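# Residue-level structure breakdown
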Amino acid sequence: ITLAIRKGRPGYEQIVSGNVFSINIVGEEQASYLKYFWKGYPPGQGPFESIPHVISEKGAIKINEAKAVIECICVSKSQPGDHELLIAEGISSTELNPNMKSKTYTRKSGLDY
């Protein structure tokens, strides 16, 4: 799995530390969860305080109402620009809600966030 993240972003240290992290695939019905990540939060707090979740046996966050969860470990990284590209190995996955349609978001341009 490849992902891009800016150094210093919340979750960055957990992801690159070699510890297990999760990618939660939410459904269209959970689009409101995104607001918890966009609005920001004070140090020592996080978006998951407002989202029902559990911690897996491997230590990764699993959103209760997600469509699916992929548990990963970062195996490589490079910095070709202002974000790091991380390569992660998927070590396990769980489909929680198989009938749910995945939420997707497509930007009109990669030049604007």
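All of the points below concern the structure found in this document. Computed from a prediction, not measured in an experiment: that's the story for all the values here.

Looking only at helices and strands, one finds 2 helices and 6 strands in the protein. In sequence order, the secondary structure elements of the protein are arranged as β-α-β-α-β-β-β-β. A globule of 113 residues ought to have a C-alpha radius of gyration of about 13 Å, and the protein, at 14 Å, matches this closely. Along the first, second and third principal axes, the C-alpha atoms of the protein reach 40 × 35 × 30 Å. Counting over 113 residues, the protein shows a buried share of 28%. Intrachain contacts of the protein at a sequence separation of at least 6 include 61% that bridge at least 24 residues. Carbon and sulfur atoms make up 51% of the accessible area of the protein, which totals about 7700 Å².

Another point: the environment of Ile15. Note that Ile15 resides in helix α1 (residues 12-16). On the accessibility criterion, Ile15 (13% relative accessible area) is buried. In sequence terms Ile15 and Gln30 are 15 residues apart; their C-alpha atoms lie 23 Å from each other. If sequence neighbours within four positions are ignored, Ile15 has contacts with Leu3, Ile5, Phe21, Cys74 and Leu86.

One can find Ile70 in strand β5 (residues 68-78). For Ile70, a relative accessible area of 23% translates into the label partly exposed. The spacing of Ile70 and Phe21 is 49 residues in sequence and 8.4 Å in space, taken between C-alpha atoms. If sequence neighbours within four positions are ignored, Ile70 has contacts with Ile1, Phe21, Ser22, Ile23, Ile25, Gly90, Ser92 and Ser93.

Okay, the side chain of Glu71 next. Within the fold, Glu71 resides in strand β5. No salt bridge is formed by the buried Glu71, whose closest oppositely charged neighbour, Lys58, lies at an N-O distance of 4.0 Å. One polar contact links Glu71 to Ser56, side chain to side chain, over a distance of 2.4 Å. Those residues in contact with Glu71 that lie beyond four places of it in its chain are Val20, Phe21, Ser22, Ser56, Lys58, Ala60, Glu89, Gly90, Ile91 and Ser92.

Here Lys67 is to be found in the loop between β4 (61-63) and β5. Relative accessible area serves as the criterion here: at 13%, Lys67 is assigned to the buried category. Those residues within four positions of Lys67 in sequence are excluded, and the remaining contacts are Ile25, Val26, Gly27, Thr94, Glu95, Leu96, Asn97, Pro98, Met100 and Ser102.

This paragraph deals with the nonpolar core. The biggest cluster of nonpolar side chains holds 9 residues, and these are Leu3, Ile5, Tyr12, Ile15, Phe21, Cys72, Cys74, Leu86 and Ala88. Counting only elements with at least two residues in this core, the list comes to β1 (2-5), α1, β5 and β6 (84-95). Sequence-distant contacts of Leu3, defined by excluding residues within four places in its chain, comprise Ile15, Phe21, Glu84, Leu85, Leu86 and Ala88. Of all hydrophobic cores here, the second largest spans 8 residues; its members include Tyr33, Ile51, Ile63 and Ala66.

Cut-offs used in this document
Residues numbered from 1 in each chain as written. Predicted model: local features only at pLDDT ≥ 70, side-chain atom pairs only at ≥ 80, totals over all residues. Heavy atoms only, no water. Helix = DSSP H or I, 4+ residues; strand = E, 2+ residues; numbered from the N terminus. Rg over C-alpha atoms; globule rule 2.2 N^0.38 Å. Buried < 20%, exposed > 50% of the residue type's maximum accessible area, 1.4 Å probe, protein only. Contact = heavy atoms within 4.5 Å. Areas by Shrake-Rupley, 256 points an atom, 1.4 Å probe, with all protein chains shown as cover. Lys, Arg positive; Asp, Glu negative; His and termini not counted. Salt bridge = Lys/Arg side-chain N within 4 Å of Asp/Glu carboxyl O. Polar contact = N/O pair within 3.5 Å; in protein donor to acceptor, adjacent residues only side chain to side chain. Core = buried A, V, L, I, M, F, W, Y, C linked by side-chain atoms within 4.5 Å.

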